[in-house]
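Examining the three-dimensional arrangement
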Amino acid sequence: MNCSIGPDSLFHDNVLYRHIYNAIGEFIPSSLCWLDHIISGFLIILILVNGVLLGAALYVWLERRVLGRMQNRLGPNRWGPFGLLQPIADLVKLLTKEDLVPQGADRIAFLMVPIVVVFPLIAGLAVVPIARNTFLADLNIGVLYLVAITGLSTLGIFMAGWSSGNRYAMFGAMRGVAMLISYEIPTVLSMVGIVLLAGSMSLVDVVNAQHLPFIVVQPLGILVFLLGISAELNRTPFDIVEAESELVAGYHTEYSGIKFALVQMAEFGGVVAASAVASTLFLGGWSGPFLSGQLGALWFLMKLGFFVFLFIWIRATFPRLRIDQIMAFAWKFLFPLSLINIFATTLQVYWLRDDTGALSRGDLGLMAAINIPLALVTS
Amino acid sequence: MMTSFLDVGELAQHIQAAYPDSVEEQTASHLWIKPPLIADVCRFLKEDPELKLEFLNSISAVDYIDHFEVVYLMTSFEFNHSTFLRTRVPGRGEPEVPSVIEIWPGADYQEREIWDLMGVRFEGHPNMKRILLWEGFPGHPLRKDFQDAVEY
Amino acid sequence: MPIRTEPITVNIGPQHPSTHGVFRLRVTFDGEMIVDVEPIFGYLHRGTEKLAEERNYTQIVTLTDRLDYVASMTNNQAYCLAVERLMGIEVPIRGQYLRVMAAELQRIASHLVATGFLLQDLGALGTPLMYCFRERERILDLFEMLCGARITVSYMRPGGVYYDAPEDFWPALDRFLDYMPSYLDELEQLLAENEIILVRVRNVGNLPLDRLIACSASGPILRASGLAWDWRKADPYDVYDGLEFDVPVGTNGDNLDRFWVRMQEMRQSLRIVRQCVEQMPPGPVRAELPLVLRPPKGAESYGRVESPKGELGFYLISDGGISPYRCKIRSPSLLNLTMIKDLLIGWKLADMIVNLGSIDINMGEVDR
């Protein structure tokens, strides 16, 4: 073994990175260990990007099948077992389409949009732990990083609407900017409760702090978070940015071919990413009732699947709200609710924490007992 | 309880009392009003408390080669009766009839349609443009002398 | 200081997901608010009135199918009534019952489509629409048993209907009648208990009654605004005067009322169909008529029905030949469209789509 990560190394905690690094290290002379870091880094990015792409593709299939089932029809079932290869067929079709840029478009901004919308979702997933000690990066400001990076998608939507030179797209973008910025506030505030409980912004610490899943400790938090994130993702009942029956396709009306595929992927991938974040923050990520260490990834996937299904279910059920109603809902309902949540959580944490600032399972149980009735009363 | 049609004789007398010399011709079932007075008579029929023909069912036009006939069908919801009112405009050019859009806004599209397909203009209509066909379409297709395009 | 904004004009249609056919609107927006709207149509104009002047009286039935293509039966019926009045034909009682039954089934089918698309326009992605279409499918299956066609039925002829219903039609109809009320309950529950739908349709798109009457509107729109006017009651045709049914009336004339009136009308239609099944006497279904109809010269008639969209009338004039001299179609969709400015101006873009859906226009009928 030429290059390997020892117990004292900075990278030791990251199981995934250590294994890749050590495996490559076998074939590399010790003088080239920096090369090993580069290769492992690229490999891990490769895994992440492909994982996200695959996840988004699988999600598209799942959404179409589940929606189909809920709507009393079949959904894609021709290509591959249960139609599983349908996303690939779609991709091939979209790849072979002509790459169109409208004449009135702002060319540079128009072409940048697919990158700008896909980037935050891939980058955001980097901090989410998949299993025990298996993550791509453990940032000590993980939650803040997530908020910052997902905020970029607003920019992408506005760029798409503005640069297309299409009035439907412009409408979608204007609505989108107004709505996304409004909903960012309650969403972020709902995450503050989690940070208070965990005492850390790192998502790895958040998972470790969940002796009891935060969903029961933070019922208001999950409510606000789910509603807010639905709006951030332009899902029904907040899908006014796309609003099929009104704006044709909203901000991406003019996108076709592979650019359309990327924009769509950003949307569907966004649901997967949001579900991953939600299951990490509120359901305890990879930790499960038993065998958390060995089956961590499985627990994580199951929780992710739960949220994904929830999003699909909501999409199949609810009609869309009007823009003024959506804004009123954000500012008059979600915003006060998240403030109440923060206030209650702060007080509880202040009184219940021990000397190190940590909260035990019993403390969390007590908080849950207070917060669940509170949530029922206020909402 | 069928919708009854007004007796033409009585109706004609009623109209004559308000607008003397407005009836051009009457038979047992038909009543023709002089074209320039048709809008006034319609307003009278709509507002008259004994008739209250407040609902304009439809306006239609018929091409009788030597003249065009514009047919109004109106109904009263209160008395559940209705009547046809007709007016004849001679000529093959672009004959004109006063528009009833002021009385019934519902006449808007129907009058435009008649102009479009039959070529009868309605005087006083604010937007007398073609409605189903495009501007520049040759002729008015519901006229009996309309020639089909030779090939499509 | 008020913000100075510039109105923008958006072209909606003729290819747009929710204009219900090839319908085009040139809308001027101030932000999200509609300040002006100009409807443009004629994209589906096929010259039905001109074509009718070159077909014989029986052939025109097939043209009427294509007017309002989601409610062909009532189109057939209106035309046949006009021809029968033109010639003084007496339709056998069984034929009349079959016609009423088919027309009421068609009304349910058409209202299901209207309701489903209204919910689709609200943004409920496909689900309510598919459920409505599933039920409509059952009705279309019944039509298929009746006449072999599902959409363009041409079931009715001057003098009656084409064929009597086959034996296995009646048990199928019974099954449908037993099942349908529970489905309507479900659909109504979906409306009445979904907060989002309620805030989107209640007090949106109000139409005052006096304006509707002045604009010659008819059908569910008129009734939703509070006037109990139904041509089936006011001017009964076929066997409607022997059947019991109520005319549901709304109060506000908003989208919710229009939706509600359609729901109630479906229930009343079920009631009528059930009565038809019970009362239907045996006998011929079509009057004995010559192969080619020749009404007397100079005769004219106006036959009208209460179609799902409103008053559908055929004004026929005969010159003694085998085809009508003039065939004017009074289409409810066109006339209901007249008050589009009242319906849309002042509302938001999202409401515009719903308001347009709530009056249930059909471009086949608007353009003819």
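Residues numbered from 1 in each chain as written. Chains lettered and ligands numbered in written order. Predicted model: local features only at pLDDT ≥ 70, side-chain atom pairs only at ≥ 80, totals over all residues. Heavy atoms only, no water.

**Quick word on the nonpolar core**
- Ranked by size, the top nonpolar core spans 97 residues in total, and within it Leu121(A), Met179(A), Tyr183(A), Phe214(A), Phe225(A) and Leu281(A) carry the most contacts.
- Per-element tally for this core: the top contributor is helix H12 (residues 257-282) of chain A, with 13 residues.
- Two domains each donate at least three residues to this core, and these are domain 1 (1-65) and domain 2 (104-378) of chain A.
- Leu121(A) has contacts with Val52(A), Met265(A), Ala266(A), Gly269(A), Gly270(A) and Ala273(A), leaving out every residue within four places of it along the chain.
- Core analysis: the second largest hydrophobic core is formed by 83 residues, Ile38(B), Ile103(B), Tyr109(B) and Ile12(C) among them. (Core = buried A, V, L, I, M, F, W, Y, C linked by side-chain atoms within 4.5 Å. Buried < 20%, exposed > 50% of the residue type's maximum accessible area, 1.4 Å probe, protein only. Helix = DSSP H or I, 4+ residues; strand = E, 2+ residues; numbered from the N terminus. Domains from an automatic or database assignment. Contact = heavy atoms within 4.5 Å.)

**Let's talk about the sheet that holds strand E3 (residues 33-40) of chain C**
- Across the sheet, three strands lie side by side as E1-E2-E3 (chain C); this open sheet has antiparallel pairing. Each of the sheet's edge strands pairs with one partner strand only, and the pair in question is strand E1 (8-12) and E3 of chain C. Each strand axis lies, on average, 20° off the axis of its neighbour in the sheet, ignoring direction.
- Sheet topology places strand E2 (residues 24-30) of chain C next to E3(C); seven bridges connect them, and they run antiparallel. Looking at E3(C), one finds that Asp30(C) is bridged to Met33(C).
- Lying on the sheet, helix H7 (residues 167-198) of chain A is in contact with E1 and E2 of chain C; it crosses E1(C) at an angle near 115°. (Pairing = 2+ DSSP bridges. Axes fitted to C-alpha atoms, helices over the stretch in contact; angles between N-to-C directions.)

**Remarks on helix H3 (residues 72-87) of chain C**
All names here are of chain C.
- Here H3 is 16 residues long and its end C-alpha atoms lie 23 Å apart, about the 22 Å a rise of 1.5 Å per residue gives.
- Across the 16 residues that make up H3, a large majority, 14, are buried.
- In the segment just after H3, glycine 88 is the residue with positive phi, at about 70°. (Expected span 1.5 Å × (residues − 1).)

**As for the interface of chain C and chain B**
- Tallying the contact residues gives 41 residues for chain C and 43 residues for chain B.
- Taking both partners together, chain C and chain B bury about 3400 Å²; carbon and sulfur atoms supply 57% of that area.
- Of all residues in chain C, the largest losses of buried area upon contact with chain B belong to Lys50(C), Trp229(C) and Tyr325(C), amounting jointly to 17% of the total for that side.
- Connecting chain C to chain B are three salt bridges.
- One salt bridge in this structure joins Glu300(C) and Arg86(B), with 2.8 Å as the shortest N-O distance.
- Remark: the boundary between chain C and chain B carries 16 residue pairs in polar contact (both at pLDDT 80 or more).
- Of the residues that constitute the side of chain C that touches chain B, the class distribution is 21 nonpolar, five polar and 15 charged. (Buried area = accessible area lost by both parts, 1.4 Å probe. Salt bridge = Lys/Arg side-chain N within 4 Å of Asp/Glu carboxyl O. Polar contact = N/O pair within 3.5 Å; in protein donor to acceptor, adjacent residues only side chain to side chain. Nonpolar A, V, L, I, M, F, W, Y, C, P; charged D, E, K, R; others polar.)

**Here's the deal with the domain arrangement of chain A**
Residues and elements named next belong to chain A.
- Under the domain assignment, chain A is made up of domain 1 (1-65) and domain 2 (104-378).
- Using only C-alpha atoms to locate each centre, domain 1 and domain 2 end up separated by 26 Å.
- For the pair domain 1 and domain 2, the summed buried area comes to about 1500 Å², and 79% of that belongs to carbon and sulfur atoms.
- For domain 1, the biggest contributors to the area lost against domain 2 are Leu48, Tyr59 and Glu63; these three give 37% of the whole.
- Summed over the shared surface of domain 1 and domain 2, the number is two salt bridges.
- Note that glutamate 63 and arginine 315 form a salt bridge whose closest N and O atoms lie 1.9 Å from each other.
- Linking domain 1 with domain 2 are three residue pairs in polar contact (both at pLDDT 80 or more), by the criterion used here.
- At the level of elements, helix H1 (15-25) and helix H2 (33-70) are the ones that each hand at least two residues to the side of domain 1 that touches domain 2.
- A total of 11 residues in the side of domain 1 that touches domain 2 trace back to one element, the largest contributor, which is H2.
- Along the lines of polarity and charge, the residues of the side of domain 1 that touches domain 2 split into 11 nonpolar, two polar and two charged.

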